[in-house]
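Here's the letter readout for the chains.
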Amino acid sequence: MTGGAIPVFGGVALDMRGLAGVTGVDRTSGLVTALCGTYGPELARELEQRHGLTLGHWPQSIDVSTVGGWVACRAVGQYSTRYGKIEDIVNGLEVVLADGRVVRTGGLAGAGPRSSTGPDLTQLFLGSEGTLGIITSAQLRARPLPPTERRAAFAFPSFDEGLEAIRRTLQRGATPAVVRLHDTTEAARSWGVDQGHLLIALDEGDEHVIEASMRVLAEECRHATPLDPAVVGRWLEKRNDVSELTEITRLGIVADTIEVAACWSELPALYHDALAALSEVPGNLFGSAHGSHSYVDGGCLYFTFAGQGTGPDDLPAREEFYRRSWSAVMEATLRHRGSISHHHGIGLVRSGYLRQALGEGFSVLEGVKTSLDPEGILNPGKLGLPCRFGPSPWAEPDPSTSPERGGQGPTAEGPHDGGARS
Ligand SMILES: Cc1cc2nc3c(=O)[nH]c(=O)nc-3n(C[C@H](O)[C@H](O)[C@H](O)COP(=O)(O)OP(=O)(O)OC[C@H]3O[C@@H](n4cnc5c(N)ncnc54)[C@H](O)[C@@H]3O)c2cc1C
């Protein structure tokens, strides 16, 4: 999604698919060990059919992503409010370091469900995007298959009111598996709803637990317009279909998505600021957003934008549009003290912003990298880390060129052909 797997300096690419399959199941504890080249559907099928279990981890990319990729990118599934994000699901890892040492952490080192044995080494490798080690195996927390499911949908007159209803729901302790808020642009374009900003909710699990969760949600949505929950069914059917974006990129239009996160106190303003900034980028055709994951203290905003430069065949203009659109959302997020990535990671496209986002913490990351990979051989040029092979594309943005200041964002060559991705 962010260019993390592109070998910008050449080198050796590892195909992890040979390391596939479930190697251990503790049904009583709900713990599953899987090799890291295992694809999502293969793992889900085996857990469901042979063990009556689910991870509840359903990223939109489930069909094309692996256990190792989920861990390496700190992935988040669409049902995350009930089942947690990958960092909640992972209980231990096996990682091969740059010098060949094999490290086992957490449950795979025999540490049980939790421990206070110094910093959490499992979490160190979550989000490391291939720069600190090769993840070969993961122990994951699974749950019994859910016996019950409930769905609901509402329309809100404003995006801010929808966010407020979600905030109050989460802060009352309710955790419906899926709570999404699509703005009017997306509600009409993708889900055929024209009554306002669309809130989609779905919960699954124990009947008593989900009844309570959905009742709290309904109470907090009492001033909104209730909609036919059939729209939730439409979302379930189409939720992983990104062919719309693929089609428009074929027309020479640049389209991409950017997910960020912020606290509730900043989230509404970030939504409005980022969309305004996107609309000011020359060539912009549209910008839209939805809230896709929520927490007690804040949530994720997932922006989609599309546009072009001076013409479909004008690659430099399309690249400029792409860079400026990214800068617009990154800058707005940093202004609102948000996180520049909620779940897609840093890769190349965000690498120029990580130093600013982490502050002095970036030097700690550099120290960890130097310690674990002194030769700098693991996924060089990613996460904006210093690289012995030369400057990494997008690694050093010139802040004076951000669109806010009238410039064009990062100045080095970009990794993409106009951002034709979803
Ligand atoms: C259409 C689409 C929808 C998406 N939806 C979601 C979503 O809902 N939620 C979400 O979180 N993400 C989503 N993503 C982003 C991405 O698919 C996920 O982050 C996924 O977890 C990446 O896994 P992968 O196996 O495809 O990894 P890759 O793309 O192959 O690799 C990603 C990075 O991880 C590193 N890596 C991969 N495997 C290992 C390993 N075994 N050890 C060390 N490093 C490794 C690579 O070097 C690279 O830097 C989406 C992507 C697409 C294209």
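Just so you know, these numbers come straight off a predicted model, no measurement behind them. (Residues numbered from 1 in each chain as written. Predicted model: local features only at pLDDT ≥ 70, side-chain atom pairs only at ≥ 80, totals over all residues. Heavy atoms only, no water.)

## Observations regarding the site of the ligand
Near the ligand there are 27 residues, and of these Gln-60, Ser-61, Thr-66, Val-76 and Ile-135 occur at the shortest range. Between Gln-60 and the ligand, the recorded distance is 2.8 Å, taken from a backbone N or O atom to an oxygen atom. Interatomic distance of 3.2 Å between a backbone N/O atom of Glu-129 and an oxygen atom of the ligand. The set of elements that each furnish at least two residues to the shell around the ligand consists of helix H2 (67–72) and strand S6 (134–141). Element by element, the count of residues in the shell around the ligand is highest for H2, at four residues. Each of two domains, domain 1 (16–144) and domain 3 (245–405), supplies a minimum of three residues to the shell around the ligand. (Near = heavy atom within 4 Å. Polar contact = N/O pair within 3.5 Å; in protein donor to acceptor, adjacent residues only side chain to side chain. Helix = DSSP H or I, 4+ residues; strand = E, 2+ residues; numbered from the N terminus. Domains from an automatic or database assignment.)

## Some points on the side chain of Glu-186
By the secondary structure assignment, Glu-186 is in helix H7 (residues 184–191). No salt bridge is formed by the buried Glu-186, whose closest oppositely charged neighbour, Arg-189, lies at an N-O distance of 4.0 Å. Reaching out from Glu-186, the side chain makes a polar contact with the side chain of His-290 at a distance of 2.8 Å. Once residues within four sequence positions are removed from consideration, Glu-186 is found in contact with Trp-191, Ser-288, Ala-289, His-290, Tyr-302 and Thr-304. (Buried < 20%, exposed > 50% of the residue type's maximum accessible area, 1.4 Å probe, protein only. Lys, Arg positive; Asp, Glu negative; His and termini not counted. Salt bridge = Lys/Arg side-chain N within 4 Å of Asp/Glu carboxyl O. Contact = heavy atoms within 4.5 Å.)

## Some words on helix H8 (residues 207–220)
Owing to its 3.6 residues per turn, the α-helix brings residues three or four apart onto one side. An ideal rise of 1.5 Å per residue puts 20 Å on 14 residues; H8 measures up with 20 Å between its terminal C-alpha atoms. Those residues of H8 that sit buried are Ile-210, Ser-213, Met-214, Val-216, Leu-217 and Glu-220. One side of H8 holds all its buried residues, which, seen down the axis, span an arc of 155 degrees. What points out from H8, more than 90 degrees from its buried face, is the exposed set His-208 and Arg-215. The inward-facing, buried residues of H8 contact helix H3 (80–83), strand S8 (148–156), helix H6 (159–171), strand S9 (178–182) and strand S10 (197–205). (Expected span 1.5 Å × (residues − 1). Arc of directions from axis to C-beta.)

## Thoughts on helix H9 (residues 230–238)
Listing the buried residues of H9 in full gives Val-231, Val-232, Gly-233, Trp-235 and Leu-236. Tucked inside the fold, the buried residues of H9 contact S8, S9, H7 and S10.

## Section: the packing of aromatic side chains
Centre distance and the angle of the planes are the two values used to describe a pair of aromatic rings. The final tally for this structure, using the stated rule, is four aromatic pairs. With a centroid separation of 6.4 Å and 40 degrees between ring planes, the pair formed by Phe-305 and Tyr-322 is classed as tilted. In this pair, Phe-305 is assigned in strand S14 (residues 298–307) and Tyr-322 in helix H12 (residues 315–335), connecting sequence segments 17 residues apart. A relative accessible area of 0% places Phe-305 in the buried class. Ring-pair connections join several aromatic residues into one group, and the members of that group are Phe-305, Phe-321 and Tyr-322. Over the aromatic face of Trp-235 sits the side chain of Arg-239, whose NZ or CZ is 5.5 Å from the ring centroid. (Phe/Tyr/Trp six-rings, centres within 6.5 Å; stacked < 30°, edge-to-face > 60°. Lys NZ or Arg CZ within 6 Å of the ring centre and 35° of its normal.)

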